[in-house]
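If you want the building blocks of each chain, they are given just below.
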Amino acid sequence: MSTYVHFEDLSNEIFFEIFDYLHALDIFASFTSLNERISSILQLIPLRIVVSNNNTRQQIKFLSSHLTCHDHQVISINIDNIRDNSSVINFLFSRHNFINLQSCVFRSMKPTTKFENVMQQMKNLNRLVVFRIYDNHDNLNESSKYDFTQTILMHQSSCLRSIVLQAPYDYLDVSNYKLLPSNLLSLSLYMRSSSATVSVHSIISILRFCNRIQNLEITISHDSLIANNNVNSTQTPSYNDNDLPRLTQLKHFNFKVFAICDSRLISYILRCMPNLIRFHFNLAIRKAEWTFPGELLDGHVWKQMLELHVPYLSEFDFHMAIFKKIPELDLDIIVNSFECIVETYSDWHMIIDRWRYNYIYGEEFVMLRTLNYEKHKSNINITIPFIFCDSFETRSTITTIDHHRFYSNQEKLKIYLTSRTPLVTWSLPLFQQVTALSIFIPKKRLSLSNTLFNIFKFRETNDDDVQEHLSYLSRFVYLPNITEIVFGPNVDVSGWKDIPFILQACPNITNLIINTRLLVSKLIDDQSLIPVFKKIKMIESITQKIYFPSNFAWKFVQCFPSLSHIELQVFSFDNCVFIIDIFLTHLKNLSYVKINFYQHTLLEDPFSPDYIIDKRRQLSPTNMIDEQMIGVKRDGETVEIWLS
């Protein structure tokens, strides 16, 4: 403890600044027990706990052991599920009392998580400034949601400034709440609707106790369509202005609707916000059977509504994604209607895309977005459904369509390469920032003579067809930016000839998700793909009822020497053990393996941390192995191994 090194020459102020950039786990792992001076400084610094899906259970136990004498120093907690997808919320809160907590964020929930200790501590946190909970997968039970809602929305801390409750809840008891904490400035709620049609009354009820809020976000969702035509009615009851609350301090409103709504609903809500400056709107009509809100695609309706109810508005952005029945919309009429808004707001433009989504049932998908929508941070990711490239059309209020500017943050895209020729009216790739691309190649429809010919000799796709597919694909995405490609599980072997050309056209690809049969029977022996395979770091090949053959394991590691992440499906547990042994002893960059198997065997499960460390040392005896990062999980017919 009395060791003196040059590191100690630094002043206390510099040490404080260094520790301010580090999380609690990093601090304890690197600086605990160095010497008396460092230990004394560690007693004085504020601590921030960050738990992510990269952390192991061993690390959390190590963190907890050091928090015993330091939990009163914790000012911030940000907890996600750890690497094995388990929750550590109850583990930490049952062992420690974070009396000085200022910021508390729960990123993921598990149905089995217990919150009694959390609730008890929350009630007594007088310094709490920020509380956020995200449960978009709806894992919390209704009792826990009720407790969180009651505890946080009725919290009496004068320090509380921001609340995010992104856990689907009906808020039917909202009339029982008192006013929100007196100094609360920002509120985000996720409201679950029992009807496909948004209830004006439910929204107004929430607004009644938000009269001091400056930033408000409301997400309302209906997840299943009730088979009743009356559900689709968008009849909105009438409200007198005197019956509506007045949120005079509200400046920013973010309204996300995943249900049926109309302009009357939005109009009533905006009447409550006379001093609104920024309005962001997100609409998703997820069923073609739902009532189509045609007036929301009319710029004149929006202009009249905004000018009438929110005269101080300076920022208006939206994203609308709508499944609807044909007839097709006239895109030119829609775009022309929004020209009246272009001059109203700074740098304001909109774009509309449309493609046929279901030819059998006559459905199309329509997507509208404003130019600056991407700039707004959102906890809900925008998912674009499969683009059927043969029917894709786009229009914009910008004369020269710079489509990629509207989707500058779109990193994932799914494209269906149809057999019909697309009508391409643009020159630059539409989604230039996409890095993860999913491709569906339909089964080739062959004549009887060609089908018989294929029985004896595989008929290769015409090279001109392949080049045409590649050309159309490059009009949607900028292929050099692609780092991950997913070839849909239903891609037929008859379409395999497209795949090598696509892979070679993506020079920076590192992640590959592909049908097992395609990988084993067609691609792994393709000599032209060797340079591509050598750069692949992640491969996932899990296809229902098709198993990766264990006798391909040697060839697999030779073809893909840079792999760090592997997910496969094999027939038996014996195959699983054999393949994992080869991976552990031949792939030096390996970090994660997940193997699903179908058949249990009598073979004893050999996988343990010591077994894995021994296998890794066979590959490289001199390499340092962080034993804390070694993890094994056996869950039914699945084996998962983490190495770093």
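A quick note: this is a predicted structure, and the numbers were derived from the prediction, not measured.

Let's talk about the overall build of the chain
A count of helical and extended segments in the chain gives 21 helices and 23 strands. Considering the chain as a whole, with its 644 residues, one finds that 52% of them fall into the buried category. Relative to all contacts within the chain whose residues are 6 or more apart in sequence, the contacts with residues 24 or more apart total 80%. Surface accessibility of the chain: about 29,900 Å² in total, with carbon and sulfur atoms responsible for 49%.

Considerations on the packing of helix 6 (residues 116-123) against helix 7 (residues 142-153)
Between helix 6 and helix 7, the least distance of the axes is 10 Å, while the angle of their chain directions is 10 degrees. Classified by the interaxial angle, the pair formed by helix 6 and helix 7 is roughly parallel. On the side of helix 6, the interface is formed by Val118, Met119, Met122 and Lys123, while helix 7 contributes Asp147, Phe148, Thr151 and Ile152. Across the contact of helix 6 with helix 7, the residue classes tally to five nonpolar, one polar and two charged.

Considering unusual backbone geometry
A cis amide bond links isoleucine 326 to the next residue, proline 327, at an omega of 25 degrees. Mapped onto the fold, proline 327 is located in the loop between strand 10 (315-325) and helix 11 (331-337). One non-glycine residue, asparagine 85, lies in positive phi territory at about 70 degrees. Along the chain, asparagine 85 falls in the loop between strand 2 (74-79) and helix 5 (89-95). The residue aspartate 138 is not glycine, and still its phi comes out positive at about 60 degrees. Its place among the elements puts aspartate 138 in the loop between strand 4 (130-134) and helix 7. A residue is classified by how much of its surface remains accessible, and aspartate 138, at 31% relative accessible area, is partly exposed.

Re the packing of aromatic side chains
In the structure shown here, the tally under the stated rule is 46 aromatic pairs. Measuring from centroid to centroid gives 4.6 Å for tyrosine 416 and phenylalanine 440, while their planes differ by 25 degrees, and the two rings are stacked. With tyrosine 416 in strand 15 (residues 412-416) and phenylalanine 440 in strand 16 (residues 436-440), this residue pair connects regions lying 24 residues apart in the sequence. Ring geometry for tyrosine 547 against phenylalanine 571: centres 5.5 Å apart, planes inclined by 80 degrees, an arrangement best described as edge-to-face. Taken together, the residues tyrosine 547 in the loop between strand 19 (538-541) and helix 19 (553-559) and phenylalanine 571 in strand 20 (residues 565-572) connect sequence positions 24 residues apart. Looking at tyrosine 547, the relative accessible area reads 26%, which means it is partly exposed. Ring-pair connections join several aromatic residues into one group, and the members of that group are Phe253, Phe255, Phe279, Phe281, Trp302, Phe316, Phe318, Phe338, Tyr345 and Trp348. The residue whose ring lies beneath arginine 634 is phenylalanine 573, and the NZ or CZ to ring-centre distance is 4.5 Å.

Here's the deal with the pattern of salt bridges
Taken as a whole, this structure holds 17 salt bridges when the rule is applied. A salt bridge links glutamate 393 to arginine 354, with the nearest nitrogen and oxygen atoms 3.0 Å apart. In this pair, glutamate 393 is assigned in strand 14 (residues 393-396) and arginine 354 in strand 11 (residues 350-358), connecting sequence segments 39 residues apart. On the basis of relative accessibility, which here comes to 25%, the residue glutamate 393 falls in the partly exposed class. With a relative accessible area of 4%, arginine 354 lands in the buried category.

Brief notes about the side chain of serine 337
Relative to the assigned elements, serine 337 resides in helix 11. Here serine 337 is in contact with Leu297, Asp298, Gly299 and His300, once residues within four sequence places are set aside.

Here we look at the environment of histidine 201
Mapped onto the elements, histidine 201 comes out in helix 8 (residues 200-207). We classify histidine 201 as exposed; its relative accessible area is 53%. Linking histidine 201 and leucine 265, residues 64 residues apart in sequence, is a C-alpha distance of 9.8 Å.

Observations concerning the side chain of serine 267
Assignment of secondary structure puts serine 267 in helix 9 (residues 263-271). Taking relative accessible area as the criterion, serine 267 reaches 13% and is therefore assigned buried. Apart from the residues lying within four places of it in its own chain, the contact partners of serine 267 are Met305 and His309.

Some details on the sheet that holds strand 16
Read from one edge of the open sheet, ten strands run 13-15-16-17-18-19-20-21-23-22, paired in mixed fashion. Of all the strands in the sheet, just strand 13 (387-388) and strand 22 (631-635) have a single pairing partner and so form its edges. With four bridges connecting them, strand 19 and strand 20 associate as parallel partners. Within the sheet, the bridge partner assigned to isoleucine 539 lies in strand 20 and is isoleucine 566.

With respect to the pairing of strand 10
Across the eleven residues that make up strand 10, a large majority, nine, are buried. Crossover strand 9 (residues 278-285) to strand 10 through helix 10 (residues 299-309) is right-handed. Sheet topology places strand 10 next to strand 12 (residues 363-370); seven bridges connect them, and they run antiparallel. If you follow alanine 321 over to strand 12, its bridge partner there is methionine 367.

Brief notes about the nonpolar core
Membership of the largest hydrophobic core comes to 113 residues, with the highest contact counts inside it found for Phe106, Leu216, Phe255, Phe279, Phe281 and Trp302. Filtering out sequence-adjacent residues up to four positions away, phenylalanine 255 remains in contact with Ile203, Ile218, Ile220, Leu265, Ile269, Phe279, His280, Phe281 and Asn282. Membership of the second largest hydrophobic core comes to 83 residues, among which are Cys389, Cys559, Ile582 and Phe607.

Overview of a negative patch on the surface
Together, Asp610, Asp614, Asp626 and Glu627 make up a negatively charged patch on the protein surface. When you line up the elements, aspartate 626 lands in the loop between helix 21 (609-619) and strand 22.

Focus on the environment of asparagine 55
Following the sequence through the fold, asparagine 55 ends up in the loop between strand 1 (47-51) and helix 4 (57-67). According to the relative accessible area criterion, asparagine 55 is buried, its value standing at 10%. For the pair asparagine 55 and arginine 83, spaced 28 residues apart in sequence, the C-alpha to C-alpha distance is 5.6 Å. Those residues in contact with asparagine 55 that lie beyond four places of it in its chain are Leu25, Val50, Ile60, Ile82 and Arg83.

Focus: the packing of helix 20 (residues 573-586) against helix 21
Where helix 20 contacts helix 21, the axes come no closer than 7 Å and their chain directions differ by 50 degrees. With respect to their mutual orientation, helix 20 and helix 21 come out oblique. Contacts from Asp581, Phe583, Leu584, Thr585 and His586 of helix 20 reach helix 21 at Tyr611, Ile612, Lys615, Arg616, Gln618 and Leu619. Taken together, the residues that form the contact of helix 20 with helix 21 break down as five nonpolar, three polar and three charged.

Calculation notes
- Residues numbered from 1 in each chain as written.
- Predicted model: local features only at pLDDT ≥ 70, side-chain atom pairs only at ≥ 80, totals over all residues.
- Heavy atoms only, no water.
- Helix = DSSP H or I, 4+ residues; strand = E, 2+ residues; numbered from the N terminus.
- Buried < 20%, exposed > 50% of the residue type's maximum accessible area, 1.4 Å probe, protein only.
- Contact = heavy atoms within 4.5 Å.
- Areas by Shrake-Rupley, 256 points an atom, 1.4 Å probe, with all protein chains shown as cover.
- Axes fitted to C-alpha atoms, helices over the stretch in contact; angles between N-to-C directions.
- Parallel < 35°, antiparallel > 145°, perpendicular 65-115°, else oblique.
- Nonpolar A, V, L, I, M, F, W, Y, C, P; charged D, E, K, R; others polar.
- Phe/Tyr/Trp six-rings, centres within 6.5 Å; stacked < 30°, edge-to-face > 60°.
- Lys NZ or Arg CZ within 6 Å of the ring centre and 35° of its normal.
- Salt bridge = Lys/Arg side-chain N within 4 Å of Asp/Glu carboxyl O.
- Pairing = 2+ DSSP bridges.
- Right-handed = clockwise from strand over helix to strand, strands pointing away.
- Core = buried A, V, L, I, M, F, W, Y, C linked by side-chain atoms within 4.5 Å.
- Patch = residues over 30% accessible without salt bridge, like charges linked within 9 Å, V, L, I, M, F, W, Y side chains within 5 Å.
- Lys, Arg positive; Asp, Glu negative; His and termini not counted.
- Charge placed at Lys NZ, Arg CZ, Asp CG, Glu CD.

Just distances and angles here, no functional claims.
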